[in-house]
Amino acid sequence: MISRRNLLETAGATMALAGGHAVFPGLLAAEPAVPNLPAALPQGTRNEVVLDALPGKKPLIKLTYRPPNFETPLEYFRTPLTPNEAFFVRYHLADIPEVDAAKWKLAVGGEGANGEATFTLDDLKKMPSAEVAAVNMCSGNRRGLFEPHVPGVEWGYGAMGCARWRGARLKDILDKVGIKKNAIEIVLDGADGPVFDKTPKFVKSIPIAKAMEENALVAYEMNGQPLPHFNGFPARVIIPGWAGVYWMKHIVSLRAVTQPFDGYWMKSAYRIPIGKFPIVARFVSQETEVNTPITELVPNSLITSHADGAKVKAGRVTVGGIAWDGGYGIRTVEVSRDSGNTWTSAKLGEDLGRFAFRPWSYDLVAKPGKNTVMARTANVIGQTQVASLILNPAGYHNNVMQTLTLNAA
Amino acid sequence: MRKTVLTLLAALLSAAAFADEQPIDLKKAPGLDLVEGNCAACHSLDYVQMNSPFLNAAGWDAEVSKMIKLFGAPISDEDAKKIADYLKVNYGVN
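Not measured: the values here are computed from a predicted model.

Cut-offs and rules
Residues numbered from 1 in each chain as written. Chains lettered and ligands numbered in written order. Predicted model: local features only at pLDDT ≥ 70, side-chain atom pairs only at ≥ 80, totals over all residues. Helix = DSSP H or I, 4+ residues; strand = E, 2+ residues; numbered from the N terminus. Buried ≥ 20, exposed ≤ 12 C-beta atoms within 10 Å, placed from the backbone. Contact = placed C-beta atoms within 7 Å. pLDDT = per-residue confidence, 0-100. Pairing = 2+ DSSP bridges. Axes fitted to C-alpha atoms, helices over the stretch in contact; angles between N-to-C directions. Parallel < 35°, antiparallel > 145°, perpendicular 65-115°, else oblique. Left-handed = near helix turned anticlockwise from the far one by under 90°. Nonpolar A, V, L, I, M, F, W, Y, C, P; charged D, E, K, R; others polar. Core = buried A, V, L, I, M, F, W, Y, C linked by C-beta atoms within 7 Å. Domains from an automatic or database assignment. Expected span 1.5 Å × (residues − 1).

Asker: What exactly am I supposed to notice about the overall build of chain B here?
Answerer: On a plain count of helices and strands, chain B comes out with five helices and zero strands. Residue burial in chain B is summarised as follows: out of 94 residues, 32% are buried. Long-range pairs, those at least 24 residues apart, make up 68% of the contacts in chain B between residues at least 6 apart in sequence.

This is the structure in structure tokens:
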């Protein structure tokens, strides 16, 4: 009797993946085309993407198989909460173990802590829990729409999602060991790693003050369910308002440090030029004269009711979508029918909190032929979307106002 | 017996489909063997297609150099040049 496990191990060995932690896409046969791909994506991206399902996931837009990078199709953004099985998947490195929740442990300590401790999943669940609805978005969401293109994962609109995250507060966990007064950062490490040991492991740090905020969590629930494997099972860090790069998946270690953490993924990656973006939240201990780590999300919106070029009946059409920012709160969403000359307020929908997607809708009368619709949002501190792209080498923070065409007949 | 063989065959096929990422066929040209033998050890080759065609020669040199110097890919200078040449010719722009 050949067991499935043996077969998988054999296949894994054949693939020569380190540690035998193969990724298992291809559960459903790949389909040849993906509807509504943005025309602005690189042609090579447009040619290679397919809808494919990772285990436990619905078919998503596959950008790369290994490490797995899959984005969420537009139709799942018509509700302010994104279903777990449709939530985007993003990994930097390809050795991704299946974590056994019963054996999982979170180690907490570091030279900036007074002591050390390990937590089991049960330990975390016995602590007071907190829940926050928050947008998890990849820093490089919409990188594929950069002109000129920049190398990286060429995301369209769907490297993001919003979920209700429940877990223990990071602060409560850190308080169990005690943090020294001179600690400046918390270093976050997950169970996943590189294929070759010479590749820098994906490790990140956050400012100590950010870790101590009441909404920073180690979450073990996502929309009331355990986290999907590909979204960080059994627990991941949640830093509402900040880019997904800090939301460490499969978290296994929290380490307080008194010197800036200098790993590759801090000092050389996920950096934006100083002064180009109107960002409020700083990461002072990691700043240089020329660049700084990405921090909070910039205000942005997405039209979700229709894809670009959609056919509609002439007459009254309700256009709708979502808006979000770095956690200050959405103040307005406005729509323009005349290429941005005049703007009218859209109606804001259900408010799940300042870190969540905010739905909006707008009734318009579509004339026969081409109708253009633009949308833009502003938050309560006055940050806005931009009319033209702010270029930066790694392709982050693309919050250019979207222009959509509706073809009415 | 025949049924057993068929069942076993079905199990093998389904397991293979489950375990394998879909094969990525890059353009057949000199250097492809080195791309498949080196780059694919750490990542699927759809990364190459996805990042095309917009990198110029310097852009592809930078990507290959990044994989070796920053990500530790154990590739000789000679092979690195052949890999970069393959990427420039088949997935680059002037």
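Asker: Would you mind going over the overall build of chain A with me for this structure?
Answerer: Helices and strands together make up the secondary structure of chain A, namely six helices and 25 strands. Taken along its principal axes, the extent of the C-alpha atoms in chain A is 65 × 60 × 40 Å. Evaluated residue by residue, chain A yields a buried proportion of 48% over its 409 residues. Sequence-distant contacts in chain A: of pairs separated by 6 or more residues, those separated by 24 or more amount to 69%.

Asker: Sorry if this is basic, but what is going on with the confidence of the model for chain A here?
Answerer: Regions with low pLDDT should not have their predicted coordinates read in detail. On average, residues of chain A score 93 in pLDDT, and 92% of them reach the 70 mark or higher. Below a pLDDT of 50 lies the segment residues 1-32 of chain A, which in the model reaches 63 contacts outside its immediate sequence neighbourhood of four places, other chains included.

Asker: Looking at this structure, how should I read the sheet that holds strand 9 (residues 185-190) of chain A?
Answerer: Note on sheets: strands pair through backbone hydrogen bonds, and any given pair is parallel or antiparallel. All names here are of chain A. Spatial strand order, 6-5-14-9-10: five strands in an open sheet with mixed pairing. Among the strands making up the open sheet, the edge pair consists of strand 6 (117-119) and strand 10 (203-207). With direction set aside, neighbouring strand axes in the sheet form an average angle of 20°. As paired elements, strand 9 and strand 10 share five bridges and run antiparallel to each other. Note on strand 10: the bridge partner recorded for Glu185 is Pro207.

Asker: Looking at this model, I keep getting lost on the packing of helix 4 (residues 57-69) of chain B against helix 5 (residues 77-91) of chain B. Mind explaining?
Answerer: Axis angle and axis distance: for two packed helices, these are the angle between their axes and the distance between the axes, and together they describe the pair. Residues and elements named next belong to chain B. The contact between helix 4 and helix 5 brings their axes to 9 Å, and the two run at 140°. One way to sum up the angle between helix 4 and helix 5 is to call them oblique. Remark: the crossing between helix 4 and helix 5 carries right-handed chirality. Residue-level contacts link Ala57, Trp60, Asp61, Val64 and Ile68 of helix 4 to Ala80, Ile83, Ala84, Leu87 and Lys88 of helix 5. For the contact of helix 4 with helix 5, the residue count by class is eight nonpolar, no polar and two charged.

Asker: Please explain the sheet that holds strand 2 (residues 60-64) of chain A as it appears in this structure.
Answerer: Residues and elements named next belong to chain A. Taken in spatial order, the four strands of this open sheet run 1-2-3-4, and their pairing is antiparallel. Pairing within the sheet leaves two strands with one partner each, and these edge strands are strand 1 (50-52) and strand 4 (89-90). For strand 1 and strand 2, the ladder comprises three bridges, and the chain directions are antiparallel. Bridge pairing in strand 2 links Leu51 to Ile61.

Asker: What am I meant to see in the nonpolar core here?
Answerer: Counting residues in each nonpolar core, the largest one holds 108 residues, and the members touching the most others are A:Val135, A:Leu217, A:Val218, A:Val237 and A:Ile238. By size, the runner-up hydrophobic cluster in this structure holds eight residues, among which are A:Tyr91, A:Ala94, A:Val195 and B:Ala73.

Asker: What's the story with the environment of A:Val245 in this structure? I'm lost.
Answerer: Residues and elements named next belong to chain A. Note on placement: Val245 falls in the loop between strand 13 (236-238) and strand 14 (251-257). For the pair Val245 and Thr304, spaced 59 residues apart in sequence, the C-alpha separation works out to 25 Å. With residues up to four places along the chain from it excluded, the contact list for Val245 reads Ser139, Lys204, Tyr270 and Ile294.

Asker: Would you mind showing me how to read the domain arrangement of chain A here?
Answerer: Where interface size is quoted, it is often the accessible area lost as the parts come together. Residue and element names in this part refer to chain A. One can read the domain layout of chain A as domain 1 (19-90), domain 2 (106-293) and domain 3 (300-408). Computed from C-alpha atoms alone, the centre-to-centre distance between domain 1 and domain 2 is 23 Å. With 27 residues of domain 1 in contact, the opposing surface of domain 2 contributes 26 residues. Secondary-structure elements contributing two or more residues to the side of domain 1 that touches domain 2 are strand 2, strand 3 (69-71) and strand 4.

Asker: Help me understand helix 5 of chain B in this model?
Answerer: Within an α-helix, residues lying three or four positions from one another point in the same direction, as the helix has 3.6 residues per turn. With 15 residues, helix 5 of chain B ought to run about 21 Å at 1.5 Å a step, and its terminal C-alpha atoms sit 20 Å apart, in line with that. Those residues of helix 5 of chain B not exposed but buried are B:Ile83, B:Ala84, B:Tyr86, B:Leu87, B:Lys88 and B:Tyr91. Where helix 5 of chain B is buried, its residues contact helix 2 (43-48) of chain A together with helix 2 (32-38), helix 3 (46-50) and helix 4 of chain B.

Asker: Whenever I open this one, the environment of B:Asp33 confuses me. Can you help?
Answerer: Here B:Asp33 is to be found in helix 2. Taking the C-alpha atoms as reference points, B:Asp33 and B:Ile83, separated by 50 residues in sequence, lie 9.0 Å from one another.

Asker: Just to check I follow, could you spell out unusual backbone geometry for this structure?
Answerer: Residues apart from glycine generally show negative phi values, whereas peptide bonds are mostly found in trans. All names here are of chain A. The linkage connecting Arg66 with the following residue, Pro67, adopts the cis geometry, with an omega of -10°. One can find Pro67 in the loop between strand 2 and strand 3. For the peptide bond that leads from Phe233 to Pro234, omega is 0°, which places it in the cis range. Looking at where Pro234 falls in the secondary structure, it is placed in the loop between strand 12 (225-226) and strand 13. Phi is positive for Asn36, which is not a glycine, with a value near 60°. Mapped onto the fold, Asn36 is located in the loop between helix 1 (4-14) and helix 2. By the C-beta count within 10 Å, which is 15 here, Asn36 ends up partly exposed. A positive phi is found at His250, a non-glycine position, where the angle reads about 45°.

Asker: When you look at the environment of A:Arg143 in this model, what are you seeing that I'm missing?
Answerer: Residues and elements named next belong to chain A. With respect to the helices and strands, the residue Arg143 is situated in the loop between strand 7 (129-137) and strand 8 (160-169). On the neighbour-count criterion, Arg143 (23 C-beta atoms within 10 Å) is buried. Taking C-alpha positions, Arg143 is 16 Å from Pro299, a pair spaced 156 residues apart along the chain. Discounting residues that sit within four places of it in the chain, Arg143 has contacts with Val150, Gly152, Val153, Glu154, Trp155, Gly395 and Asn398.

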